[in-house]
Amino acid sequence: MTKNAIGIITKVFFNKIVIEVPNPNDIVHNFQGELYILNGLNDFVIINKDGASKYVYQIIGLYEQEKTLFEEEQSKFSEKAFFEAVPVGEIVLNKFKYGLATFPVIGEEVYLANNEEIETILMSADDDISIILGKLTTHNVMPKINLDSILTNHSCILGNTGSGKSTTVRTFLNEIANLKDHSNLDISKANFIIFDVHGEYTDLPSEMTTVVKVKDISIDLNNLVTEDWMNLLQPSTAAQRPILLNGLKLANIIDSDDESILWIKAYCALELFNNQSTDAVAKRAKIKGLLENIDSQEIEECLNHYSPQYGNFKPEYYDEKFRKEIKSYIEKSTGCKYEDCHAYLVSCLEDAECKVNSLNNLKLALDIVLLLEEAKGNNQIRTFCSTLMTRLDNLIATFANNLFSEDFTKKAELEDALQFEKTFTILDCSFIDDDVLLFFTSHILRRVFQNQYDEKMKNGSISKVYNFIFDEAHKYISESEKDSIVNYTKMFEIVAKEGRKFGTFLMLSSQRPSELSKTVISQCNNFILHRIRNNIDLEQMKRSIPYLNDAQINRLSYLKTGVALLVGESFSIPMEIKIDGEQYSEISKTYLPSQLWKREESVEVESNLETEYSTSAK
């Protein structure tokens, strides 16, 4: 064995090698003026392949094992050290390439990587335009991350609460902001859209940032598409979805022609009168309610003879007259006979769009659709759709004066924000709950993606790239239930699959990987992984992230706060780094009871001591 070798290979597998180290005391050594020190797990070792190439492996295990001292004398043993290492890549002509096509053989010598080789491994070929997130935990090296690569792949930042996940996002964004001084870049052309769920991203440079509080803006309901309504009202059964679709179309008819609602109500009233035989008193109340705004003295006269006690007409002459007058009113309003009204209404609904100007008009339209169903004898439909109506009532009560306000100023503020004139656009979503957060995030994403799609179809290229950052992504980009009839994350999945071609990229930040959409996470190529201890989350990551081996999965549970494992297309190798974000961690720090509960005199004494220490230091 040569002087600077630390051991030889005794076992070779596709996924690892075993290295026998004859004398652990010789591992730390000086060779040609450079000191070689083993930093333990995650350190790198080199195996020479030929004159121009070297294999690179990363240590994942260290242990001792007894071995017979002499073949002839089996009773005497010596302690041998053994390392296990996984393949990382090759250094070919002083350039690192990830992955191995061939493997070393038993008996080859193993060397510790020197500083030059480590820098070759960690530094990308084009690192001029790059960012730095922190320093390796094993070496005093700060890997550069290529900007083009990290911003043109979907990414995930995952970690339990308190592991440093939000600090990493802030560090990343501030590293982008620091590129404003780069001689070859105009960072104002960048477009980062951050959905801030807890108000944690307010420390970005103000001259580069537009902050929009969702409670101060309003979305024009005309801009909503069917998918937006599905995300907003979340129809939960097979009955609710068709009712909602017909309600949206009917509301569109009502918006375009206020008079149309009157003949539809008259048609519903007569359908109820003809077809519903149960609960005569309740039926009478519904019919009178439907006809109360119809300007017809003849119909009003008939209703005066509609008995509240038995739900019939007295004398019976008014029964026939009522039917005749309703049919006459419908024919006068539509030009169609009563018998043709159903076909006419169906044709109107088929031609109508799912567009709504007012939540109240949608509520009215849904009520009429339910009445039409009840008139057919479907007496349980209103019960089946009660949760849908409750959600709509809650939207009207909660958001009619803010997120869905008719205020043109609030609508204009949103449209101005969506021009993305500054590098960072922060949408403060702390005002809205998770269900509406799903709608809001997917709506903004859809509008940007649609604009990018239209531009490329028109011009053959795009002029901007958009990077979306979704805080607490598991709350709204979640895996759909198996029996769900609506795919609520459809827009996110479309962008995850097709966004690259249209310059739209996602970065998900989450503390529950197991709850994220499996389709979306499968399209992510970069992962920044902080401490995760939940077995369900770890198992899901093992299945979803191809870059991780078992040793790295096990390691995640023991990472210190602020330390992250970086794996994926944008990182030359899997690397463990200490995020350099201490200056950005104050906003999400943990408040300790032992500090908050201190007596005032103790706090004053500590403050005086700190002042004295600072003065003496100067």
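Anything mentioned here points back to the structure above.
Model, not experiment: these values are computed from the prediction.

Novice: Any details on the overall build of the chain? Residues and values, ideally.
Specialist: Of the regular secondary structure elements, the chain holds 21 helices and 21 strands. For 618 residues, the compact-globule formula gives about 25 Å, and the C-alpha radius of gyration of the chain, at 34 Å, lies well above that figure. Over its C-alpha atoms, taken along the principal directions, the chain stretches across nearly 120 × 65 × 60 Å. Within the span of the chain, comprising 618 residues, buried residues form 49% of the whole. Within the structure as shown, the chain displays about 30700 Å² of accessible surface, and the carbon and sulfur contribution to it stands at 48%.

Novice: Go over the pairing of strand S20 (residues 563–568) with me, naming the residues and quoting the values.
Specialist: Across the six residues that make up S20, a large majority, six, are buried. Here strand S19 (residues 526–529) runs beside S20; their pairing, made up of four bridges, is antiparallel. Across the sheet, Phe 527 pairs through a bridge with Val 567, a residue of S20. Examined bridge by bridge, S20 and strand S21 (residues 575–579) share four bridges and lie antiparallel to one another. Counted as the bridge partner of Ala 564 is Ile 577 from S21. In this structure, the hairpin formed by S20 and S21 is closed by a connection of six residues.

Novice: Now, about the side chain of Asp 428: what can you tell me, with residues and values included?
Specialist: Examined against the element boundaries, Asp 428 turns out to sit in strand S16 (residues 424–428). In contact with Asp 428, other than residues within four places in its own chain, are Asp 196, Val 212, Lys 213 and Val 214.

Novice: Any details on the nonpolar core? Residues and values, ideally.
Specialist: Within the largest apolar cluster, 124 residues are counted, with the highest numbers of intra-cluster contacts made by Phe 440 and Phe 470. Ranked by residue count, the leading element in this core is helix H6 (residues 260–275), at eleven residues. In contact with Phe 440, other than residues within four places in its own chain, are Phe 195, Val 214, Ile 217, Ile 219, Leu 403, Leu 427, Cys 429 and Ile 432. Listed in part, the 44 residues of the second largest apolar core include Ile 46, Leu 147, Ala 190 and Ile 426.

Novice: Which residues make up a nonpolar patch on the surface, and what are the values?
Specialist: Among the surface-exposed residues, Val 28, Leu 35 and Ile 37 lie close enough to one another that they form a single nonpolar patch of about 270 Å² accessible area. Along the chain, Ile 37 falls in the loop between strand S4 (34–36) and strand S5 (44–48). Assessed through its relative accessible area of 45%, Ile 37 is described here as partly exposed.

Novice: Got a sec to walk through a negative patch on the surface? Specific residues and values, please.
Specialist: On the surface, Asp 216, Glu 413, Asp 416 and Glu 421 cluster together into a negatively charged patch. For Asp 216, the position within the fold is in the loop between strand S15 (209–213) and helix H4 (226–233). You can call Asp 216 partly exposed: its relative accessible area is 33%.

Novice: Any chance you could break down the sheet that holds S21 for me, citing the residues and the numbers?
Specialist: An order of S11-S21-S20-S19-S13-S18-S17-S14-S16-S15 is seen for the ten strands of this open sheet, with the pairing classed as mixed. The open sheet has two edge strands, strand S11 (134–136) and S15, and neither has a second partner. On average, each strand axis in the sheet is tilted by 20° relative to the strand beside it, whichever way the strands run. Across five bridges, strand S14 (residues 191–196) lies against S16 in parallel orientation. Residue pairing in the sheet places Phe 195 in a bridge with Leu 427 of S16.

Novice: How would you sum up the side chain of Ser 166? Please name residues and give values.
Specialist: Mapping Ser 166 onto the fold places it in helix H3 (residues 165–177). Engagement of the side chain of Ser 166 in a polar contact is seen with the side chain of Glu 200, the distance being 3.0 Å. Contacts of Ser 166, omitting those with residues within four sequence positions, involve Glu 200, Tyr 201 and Ser 588.

Novice: Describe helix H10 (residues 341–351), and please don't skip the residues or the numbers.
Specialist: Here H10 has its buried residues at Cys 341, Leu 345 and Leu 349. In a view along the axis of H10, the buried residues occupy a sector of 70°, so they form one face of it. Exposed side chains of H10 directed beyond 90 degrees from the buried face belong to Ala 343, Glu 350 and Asp 351.

Novice: So what's going on with the pattern of salt bridges? Which residues, and what values?
Specialist: Counting across every chain of the model gives 19 salt bridges. Between Glu 415 and Arg 447 there is a salt bridge; the shortest N-O distance is 2.8 Å. Highlighted residues: Glu 415 in helix H14 (residues 408–417) and Arg 447 in helix H15 (residues 434–459), separated in sequence by 32 residues. Close ionic contact of Lys 542 with Asp 550 constitutes a salt bridge, the shortest N to O distance being 3.4 Å. A network of salt bridges, in which partner residues are shared, links Asp 220, Glu 406 and Lys 411.

Novice: Report on unusual backbone geometry, specifying residues and quantitative values.
Specialist: The phi torsion at Asn 42 lies on the positive side, around 80°, for a residue other than glycine. Relative accessible area serves as the criterion here: at 21%, Asn 42 is assigned to the partly exposed category. Phi at Glu 472 is positive, roughly 50°, even though this residue is not glycine. Tracing the sequence through the fold places Glu 472 in the loop between strand S17 (466–470) and helix H16 (490–498).

Novice: Could you give an account of the packing of aromatic side chains, with specific residues and numbers?
Specialist: A full pass over the atoms with the stated rule returns 23 aromatic pairs. With centroids separated by 6.1 Å and ring planes inclined at 85°, the aromatic side chains of Phe 195 and Phe 440 adopt a geometry described as edge-to-face. One end of the pair, Phe 195, is in strand S14; the other, Phe 440, is in helix H15, and 245 residues separate them in sequence. Take Phe 195: its relative accessible area is 0%, and that puts it in the buried class. When the ring of Phe 420 is compared with that of Tyr 466, the centres are 5.4 Å apart and the planes differ by 65°; the resulting orientation is edge-to-face. In this pair, Phe 420 is assigned in the loop between H14 and S16 and Tyr 466 in strand S17, connecting sequence segments 46 residues apart. Judged by relative accessible area, Phe 420 falls into the buried class, the value being 5%. By relative accessible area, Tyr 466 is classed as buried at 9%.

Rules of the game
- Residues numbered from 1 in each chain as written.
- Predicted model: local features only at pLDDT ≥ 70, side-chain atom pairs only at ≥ 80, totals over all residues.
- Heavy atoms only, no water.
- Helix = DSSP H or I, 4+ residues; strand = E, 2+ residues; numbered from the N terminus.
- Rg over C-alpha atoms; globule rule 2.2 N^0.38 Å.
- Buried < 20%, exposed > 50% of the residue type's maximum accessible area, 1.4 Å probe, protein only.
- Areas by Shrake-Rupley, 256 points an atom, 1.4 Å probe, with all protein chains shown as cover.
- Pairing = 2+ DSSP bridges.
- Contact = heavy atoms within 4.5 Å.
- Core = buried A, V, L, I, M, F, W, Y, C linked by side-chain atoms within 4.5 Å.
- Patch = residues over 30% accessible without salt bridge, like charges linked within 9 Å, V, L, I, M, F, W, Y side chains within 5 Å.
- Salt bridge = Lys/Arg side-chain N within 4 Å of Asp/Glu carboxyl O.
- Lys, Arg positive; Asp, Glu negative; His and termini not counted.
- Charge placed at Lys NZ, Arg CZ, Asp CG, Glu CD.
- Axes fitted to C-alpha atoms, helices over the stretch in contact; angles between N-to-C directions.
- Polar contact = N/O pair within 3.5 Å; in protein donor to acceptor, adjacent residues only side chain to side chain.
- Arc of directions from axis to C-beta.
- Phe/Tyr/Trp six-rings, centres within 6.5 Å; stacked < 30°, edge-to-face > 60°.

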